[in-house]
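Geometric and topological summary
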Amino acid sequence: MIVRQVLSRLLQALPTLVGVAVLVFVLVRVVPGDPIAMMIAPGASPDDIARLRGLYGLDRSIPEQFAIWAGRALAGDFGTSISLRQSVMSLVLARLPSTLELAVFATVIAIALGTALAVFGVRHRGRLGEAATDAATGFALSVPDFIWALLLMLVFGVLAPLLPISGRLDPSVDPGFVTRFYLVEALLRGRVAVAGDLVAHLLLPALALALPLAAMIGRVLKSSLAEEMLQDYVMLARVKGFSRWRIILGEALRNAAIPAVSLTGVQFTFLVGGTVLIEKIFSFPGIGNLAIDAVINRDLPLIQGLILVFALMFIVINLGLDLVYAALNPRLRHG
Amino acid sequence: MTVLDIAGLSAALHGGRPVLRDVSLVIGEGEVHGLVGMSGAGKSMVARAVLGILPAAVRLTAGAIRFQGRDLVGLDERGYRRLLGRDIALIPQDPLSALNPSRRIEAQMTDVMRLHLGLSARAARDRALVLLNEVRIRDPEAVLRRYPHELSGGMRQRVLIAISFACEPRLIIADEPTTALDVTVQQQILVMIRGLQRRHGTAILFVTHDLGVVAKVCGRMSVMHEGMVLEQGAVADIMAAPGHAFTRALFAATPRYDRPVEALAPVPAAVLADIAAAAQAFDAGRPC
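Residues numbered from 1 in each chain as written. Chains lettered and ligands numbered in written order. Predicted model: local features only at pLDDT ≥ 70, side-chain atom pairs only at ≥ 80, totals over all residues. Heavy atoms only, no water.

Scanning chain A from N- to C-terminus turns up 14 helices and zero strands. Starting at the N terminus and walking to the C terminus, you meet the elements of chain A as α-α-α-α-α-α-α-α-α-α-α-α-α-α. For chain A, the spread of C-alpha atoms along the three principal axes comes to 85 × 55 × 40 Å. Relative to its full complement of 335 residues, chain A shows a buried share of 43%. (Helix = DSSP H or I, 4+ residues; strand = E, 2+ residues; numbered from the N terminus. Buried < 20%, exposed > 50% of the residue type's maximum accessible area, 1.4 Å probe, protein only.)

Attention now goes to helix α3 (residues 105–117) of chain B. The end-to-end C-alpha separation of α3(B) is 18 Å, in line with the 18 Å expected for 13 residues at 1.5 Å each. On its buried face, α3(B) is in contact with α11 (244–281) of chain A together with α2 (77–83), α4 (121–134), α5 (140–145) and α6 (153–164) of chain B. (Expected span 1.5 Å × (residues − 1). Contact = heavy atoms within 4.5 Å.)

We now examine the confidence of the model for chain A. It should be kept in mind that the predicted coordinates are not to be read in detail where pLDDT is low. Looking at chain A as a whole, its pLDDT mean stands at 89, while 99% of the residues score no less than 70. No element of chain A has a lower mean pLDDT than helix α2 (residues 35–39) of chain A, at 73, and none a higher one than helix α10 (residues 232–239) of chain A, at 95. (pLDDT = per-residue confidence, 0-100.)

So, about the sheet that holds strand β1 (residues 2–13) of chain B. Residues and elements named next belong to chain B. With antiparallel pairing, four strands are arranged side by side in an open sheet as β2-β1-β4-β5. Pairing within the sheet leaves two strands with one partner each, and these edge strands are β2 (18–28) and β5 (70–71). With eight bridges joining them, β1 and strand β4 (residues 58–67) adopt antiparallel strand pairing. Paired with Ala12 across the bridge in β4 is Arg59. Each of β1 and β2 touches helix α11 (residues 269–285); the most contacted strand, β2, lies at about 100° to it. (Pairing = 2+ DSSP bridges. Axes fitted to C-alpha atoms, helices over the stretch in contact; angles between N-to-C directions.)

With that settled, consider the interface of chain B and chain A. Contact residues are listed per partner, giving 29 residues for chain B and 21 residues for chain A. Between chain B and chain A lies a buried interface of about 2200 Å² when both sides are counted; carbon and sulfur atoms form 57% of it. Here Glu251(A) makes a salt bridge to Arg103(B), at a shortest N to O gap of 2.5 Å. Taken together, the connections running from chain B to chain A amount to eleven residue pairs in polar contact (both at pLDDT 80 or more). Contributing elements (two or more residues each) for the side of chain B that touches chain A: α2, β6 (88–91), α3 and α6 of chain B. No other element matches α3(B), which puts five residues into the side of chain B that touches chain A. (Buried area = accessible area lost by both parts, 1.4 Å probe. Salt bridge = Lys/Arg side-chain N within 4 Å of Asp/Glu carboxyl O. Polar contact = N/O pair within 3.5 Å; in protein donor to acceptor, adjacent residues only side chain to side chain.)

All names here are of chain B. Residue position: Ser10 is located in strand β1. Classification of Ser10 by relative accessible area gives buried; the value is 5%. Excluding its chain neighbours within four sequence positions, the residues that come into contact with Ser10 are Leu20, Arg21, Asp22, Leu60, Thr61, Ala62 and Phe282.

Right, let's get into the packing of helix α5 (residues 88–123) of chain A against helix α12 (residues 287–296) of chain A. Residues and elements named next belong to chain A. Their axes nearest at 8 Å, the elements α5 and α12 cross at an angle of 130°. It follows from the interaxial angle that α5 and α12 lie oblique. Taken together, the residues of α12 that come into contact with α5 (itself represented by Leu91, Val92, Arg95, Leu96 and Thr99) are Ile287, Gly288, Asn289 and Leu290. Of the residues assigned to the contact of α5 with α12, the class counts are five nonpolar, three polar and one charged. (Parallel < 35°, antiparallel > 145°, perpendicular 65-115°, else oblique. Nonpolar A, V, L, I, M, F, W, Y, C, P; charged D, E, K, R; others polar.)

With that settled, consider the packing of aromatic side chains. Residues and elements named next belong to chain A. Across all of its chains, the model carries six aromatic pairs over all chains by this definition. Ring centres of Phe25 and Phe66 lie 5.1 Å apart, and the angle between their planes is 80°; this geometry places the pair in the edge-to-face category. On the criterion of sequence distance, the pair formed by Phe25 in helix α1 (residues 2–30) and Phe66 in helix α4 (residues 62–74) is long-range, its members being 41 residues apart. The exposure class assigned to Phe25 is buried, which follows from its relative accessible area of 1%. Judged by its relative accessible area of 22%, Phe66 is partly exposed. (Phe/Tyr/Trp six-rings, centres within 6.5 Å; stacked < 30°, edge-to-face > 60°.)

Considering every residue of chain B, the mean pLDDT works out to 91; 99% of them sit at 70 or more. Scoring the predicted complex yields pTM 0.84 and, for the interface, ipTM 0.89.

Let's shift gears to the packing of α1(A) against helix α13 (residues 300–328) of chain A. Residues and elements named next belong to chain A. The contact between α1 and α13 brings their axes to 9 Å, and the two run at 150°. In this view, α1 runs roughly antiparallel relative to α13, as classed from their interaxial angle. In this structure, the crossing between α1 and α13 has a hand that is right-handed. Taken together, the residues of the contact of α1 with α13 break down into 19 nonpolar, four polar and three charged. (Left-handed = near helix turned anticlockwise from the far one by under 90°.)

Let us now look at the pairing of strand β7 (residues 171–175) of chain B. Residue and element names in this part refer to chain B. Counting buried residues along β7, five of its five residues qualify, which places the element largely inside the surrounding structure. Side chains Leu171, Ile173 and Asp175 of β7 all project onto a buried face; the interleaved residues Ile172 and Ala174 project onto the opposite face, where all are buried too. As paired strands, β6 and β7 are joined by four bridges and run parallel to one another. Residue pairing across strands places Ile91 opposite Ala174, the latter belonging to β7. Across five bridges, the pairing between β7 and strand β8 (residues 203–208) is parallel. Its bridge partner being in β8, Ala174 is matched across the sheet by Phe206.

Take a look at the structure:
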């Protein structure tokens, strides 16, 4: 049932991916900037340039180029990066795990923090606690993630240098891991020291990504939670003799999460988009950082590959949200 | 023995406007007491005061609510939590909204027993099955696995009634338990509540606007308007000879099969004016 739902949604996503591929392919070729000019030494002869253009297939028409690229892409070959001279596939696969770990870590922080803010605000409704949470969410929401990145860097990296502010892992540590999912592997292998160092490096960029999302979740969830607290079933739970905490966490929160998930869903995709700048700021070796370099170098094959990966991530996130939504709401499950 | 003894209970909005005026009412063990009145008469306010769930804008200004001899006025939340669900339970008005839409019936039936009776999950489940049989639900095993939206309104009200009897409370507050139901289901539910009440020896404060319901299930009754109890006594006596003009007017305004619809009359303005004057006199005599 769920497997079929996932498969059909992924099939429906295929046209989206094709559309993204076409759009990006045309766009990067229409905007000014020549990848060959970026890569060769000044003073190269026009003959050399023409030869290189031929080598990368850039001398053909755009539809022709697309047909060639798409044919190879279907076979899993997304071409070779012009600036890094490695296959796009291997570059993306090497960098994607760190971005995924960062995004998931940030999401977990955002959900935990946002839920805590909402529950705290509702528990202290009409009192100072509520005003404080409202002020905190308002503030966190009005500051964008890259400003948070700079602020956090300043406070925890410079004023009180408690946390590392660049990279993914201390350069002196060689974990010797088989996968690129360092944090997952470190935890599975019980390498506590390495995991600790990885988390220390993740904390600031993840927090910068998470704070605006946490504020958004906090605000939306708080208002839907406050509404749930007025429902008859909450009154009945009170009359059954349950404590306020138990009622909020055990009765109301799940129902309140249903509208909150649909209202904050789009924000999760913003978080993935946010990784691009945040990774750059924290010199974090993920695909976002790679994407910025690829754009600067006009590395067409790499840009195309990366944008497809981002599009795929957006699709997966939306699919995940739909599944969470259905899991939370029993009324949707048998539809 | 007296289960509930409400004595001289008055309540007012924060602005000072009284909502309950010197309400007194006694319910003995195993007795069903009907609290009748039009909407806004203050009958639900009495029910909420007993349960300690008055709206934030309302506070009690005088009187006592003695449950098994112990005054509940001023009881803190912790004290209420030990009492509610175990010794005092509620049958809510609207069965459609009183069950949590995202929890299975089993969870919503067993939680209260596990909390107050300390039952294991299995023991609570067994007791839930017994209770569902008592409220005449067929295939209780299947119902336990259901979510509220998969049950009809009547089924949900049966589940809620089963929940209210789960911990063998001494007192149940039934707040218009049949108002939201289909007329054909109303009758069955009333008969069932009456049967359960007799078997378990539970006292019930039965809040309703329907005199027909009172006649079917209640032994004693109080008629309320403007937050005051106008008349109180055995249902049979009041039905035979209503003492207050308002009660007579209420009877005249109740549809009956043996009378044409044209015979229905609204409560006369003069009667309402008299009651309003009495309420004002009460407020003037004892300003809040």
